[in-house]
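A look at the structure
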Amino acid sequence: MKEPAVSVQNLSVSLQRDRRINPVLHDLSFEVGPGKILAVIGQSGSGKTTLGAALQGLLPASSRPKVSGSITLGDIELVGAKSHSLQWVRRNVVRSISQDPMNALNPTMTIRAQLREAARCDDDLIEDWLRRLSFSDISRIARAFPHTLSGGQRQRICIAMALMAKPKVLVADEPTTGLDHTLQRLVYDLIRDAAVTHKTAVIFITHNLSAATAVADSILVLEKGRIVEAGGLTTVLTRPRHAYTQQLVTSRIELETGVAGGTLPHFHNRDRDQRESRKSAALSFQSVSFQYGVTPFEVRRRGRLPVLQSLTLSVAEGECVALVGSSGEGKSTILRIAAGLLRPSAGSVWRKSDSIPQLVFQDSVASLTPWLTIGEQIGERLKSLQLSHATYRRQLEQALEIVGLEHKLLDALPSQMSVGQCQRACLARAIIAPPKLLLCDEPTSSLDSALALDMLKLIRELRERFGMTVLFATHDLAVAKFVANRVAILRDGQITGVGEPERIIETLKATRPSLIEQRAEWLP
Amino acid sequence: MAPLKVRQRSIFRPVLNALVNMTWAERLGLIGLGVVTIIALVAHWVTPFDPQMRVGPAYLPPGSLHWFGTDEIGRDLFSRVLLGVQVTWLPALGLVLICLVAGTLIGLIPSIVSERLDGVVQRIVDLFLVLPGTLVALAVIASLGPGLTNTMIAIGVAWWPWYARISRDEFRRIRGLPHFEAALLAGVGRLRLTFHHVLPGAFPALIVFATVDVGNVIMTISLLSFLGLGQPAPAPELGIMTSRALDSLSEFWWLPVLPATAIFVICFLSNLAGDGLRAALKGK
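Overview of the structure. All values derive from a computational prediction rather than experimental measurement. (Residues numbered from 1 in each chain as written. Chains lettered and ligands numbered in written order. Predicted model: local features only at pLDDT ≥ 70, side-chain atom pairs only at ≥ 80, totals over all residues.)

This next bit is on unusual backbone geometry. The phi dihedral of Glu174(A) falls on the positive side, at around 50°, and the residue is not glycine. For Tyr59(B), which is not a glycine, the phi torsion comes out positive at approximately 55°. Take Tyr59(B): it is sitting in the loop between α2 (24–46) and α3 (77–112). Judged by the 16 C-beta atoms lying within 10 Å of it, Tyr59(B) falls in the partly exposed class. (Helix = DSSP H or I, 4+ residues; strand = E, 2+ residues; numbered from the N terminus. Buried ≥ 20, exposed ≤ 12 C-beta atoms within 10 Å, placed from the backbone.)

Our focus in this paragraph is the sheet that holds strand β12 (residues 306–316) of chain A. All names here are of chain A. In spatial order, the strands read β12-β11-β14; together these three strands make up an open sheet with antiparallel pairing. A single partner strand is all that each edge strand has here, and the edge strands are β12 and β14 (346–351). When strand polarity is set aside, the average angle formed by the axes of neighbouring strands in this sheet is 15°. As paired strands, strand β11 (residues 281–291) and β12 are joined by seven bridges and run antiparallel to one another. Bridging across to β12, Phe290 finds its partner in Leu308. In the packing of helix α14 (residues 331–339) onto the sheet, the strands contacted are β11, β12 and β14, and the crossing angle to β11 comes to about 120°. (Pairing = 2+ DSSP bridges. Axes fitted to C-alpha atoms, helices over the stretch in contact; angles between N-to-C directions. Contact = placed C-beta atoms within 7 Å.)

What follows is about the pairing of strand β16 (residues 437–441) of chain A. The side chains of a regular strand alternate between the sheet's two faces. Residues and elements named next belong to chain A. Of all five residues in β16, five are buried; the element is thus mostly enclosed. Every second residue of β16 is oriented toward a common face, with Leu437, Leu439 and Asp441 on one face and Leu438 and Cys440 on the other, all of them buried. Where β16 and strand β17 (residues 469–474) come together, five bridges link them in parallel fashion. Counted as the bridge partner of Leu437 is Thr469 from β17.

What follows concerns the packing of α3(B) against helix α9 (residues 238–245) of chain B. Residue and element names in this part refer to chain B. Relative to each other, α3 and α9 sit at 130°, their axes nearing to 8 Å. Overall, the two elements α3 and α9 adopt an arrangement that is oblique. Every residue of α9 that contacts α3 at Arg80, Gly84 and Thr88 is listed here: Leu238, Gly239 and Met241. In terms of residue class, the contact of α3 with α9 is made up of two nonpolar, three polar and one charged. (Parallel < 35°, antiparallel > 145°, perpendicular 65-115°, else oblique. Nonpolar A, V, L, I, M, F, W, Y, C, P; charged D, E, K, R; others polar.)

Residue and element names in this part refer to chain B. In contact at an axis separation of 8 Å, α3 and helix α4 (residues 117–130) are set at 160° when each is read in the N-to-C sense. Relative to α4, the element α3 lies roughly antiparallel. Crossing hand, α3 versus α4: right-handed. Of α4, the residues touching α3 (which contributes Ile106, Ile109 and Pro110) are Leu117, Asp118 and Val121. Residues of the contact of α3 with α4, tallied by class, amount to five nonpolar, no polar and one charged. (Left-handed = near helix turned anticlockwise from the far one by under 90°.)

Here you go:
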């Protein structure tokens, strides 16, 4: 048998938080051979990202990591290695695709310069890779700075950076969360391709079972830092032994059958929804256009880059409308305009209620103030209510319970929590005092299928209980269909179709198959 | 019903975190600065000899009785350097702290009062920034007369706009971040938004600038003393002690070298502390 590319023996990691030592990983042992893909699945907070960081020798020094056991990449031992040899390993052996594409790129360098630095290659190869990641306007993208690209575009650049270097080991931490299905599949193909042609061993970290199914040869399930299940892909999927894996598998099926059969668990009454939609509008866009800070000089140089072009949409009171579009189509911009954070360049936006709408941001980590605890930030929405200390505390704890977080996280800083936990904290902040209008920007993108389903059910339930109006941006038609009464398809800054999910999906099958490519997984 | 209590310590949390997460070299800088400050505060009581009086023969080299030797009229150099630390370090520290607070508050005006004021405030800041600082200081002293307080006023006039500019730029940067928008949507009031969600994020840049800037202030104070516009002659100011004894460097090396070393140590410690703070706060 060939030497494994990655070999982890009895690995335990503890990190320090608030000067207390928290064990994060317990006694992990596994191997990945060259050209093999191992999917690491686990709930948010199960230690997936810590494992990924440990494999690159990148555990944060500020949390004083204590590592025991051994990590061997090829024949190099990482545990206890000097920092310069770790640097050599990162340059020559292991590459990673980061979970947080917003911050993984250097804001002061153009995309071309960063790709060149990552792979030490010429411009032809860079353009070739951009083309392979299905960028259309290659020369503009290569010249651009990261802040001018959308989240999904930045994520694709990160993927290109990692794959271009042809590493021996690739650590991909949730590489496809911000991408639509076509792009996700493209990325899976590229990763598999790298595994086959360059014998790259891939550690594919994900919360999403179907992503794991799409790429991996074998699966490792983590729960609270321990391996609870490991084995070949089909074995684990068909005969899950551990309760958590069973839950993962069944909740995926539940989402599928729920969508397939049209009979969703405690789903709202369609008739009532129809009545609701005849009610007055809660939010309406009248031929809204928007473009980001374009000066006359820039217009002459690059031409106008409108994000939205005379978009008209109306959301009735108590209704949930899902905005569905690929990466970079302006979903986030619409939500920010609806929230009043951006002013449209032309047209008008009208909101019925004068209370502030709540926005659950796509980049949940960045939307939490880094130096305030979760409790303080969630509690800010209650300040105007003048509650007693006990009631205030109880309300906070209830809000955390609703989104499935532990009470002790009230005193945690955002940097001490996983991305999934941050996302749930953001939702907790939005709903602790239920708003009239809730805007969600891909709130389930970094949650595993069990949590995502919980989150969607929760949003639906809260909506029914408090009569909230919801505008929900997603790239996932299945999610849209699950959560929304109506679906609006966004393309080139315009709404190309609005209607009931089933009807829209029927139409799209003919006109835009790319959006529903993954129907085998998700849709009837 | 008791009013809601919200913990106030959050403003200082980044600073506390930084102190906890520091390496020994970075702590050395901060602790060293603390020691220098204490020495400066108690200098009057710990000097072994009267710094103004003749206490031994002139030009005595460093020895066990007079640690730093004596100067040209037989005054104890060690006592004079200790006092020099006082008259150099305390004004510099005070000046930087005043400029830090005043500049930060001026930079905050647009956030607290109204965005529209931003332009007005910044043009005023620009007006002060374009004036050559040392010349303004000279002019101020020329009209007020020499002396410690007047020196501080003169330097302060030229110094605060830098802090206002840096704080304002930091605030603008932070106000563009998603967490600020999230807090805005959470209905946080203007003051809490400013002091809890924006100000702590600007601490790292401001503190780092201030610690590095202390060195500059010390140099400027020494320069003004050298020109005879600082404290009157017998006062043991480190800059003027160095410059006046420079001629005797080859014969009596300790006269210029030891006061200069004191200036160097202070500037070095403040730079070390600044670097440490920057490294520690950057990770946040």
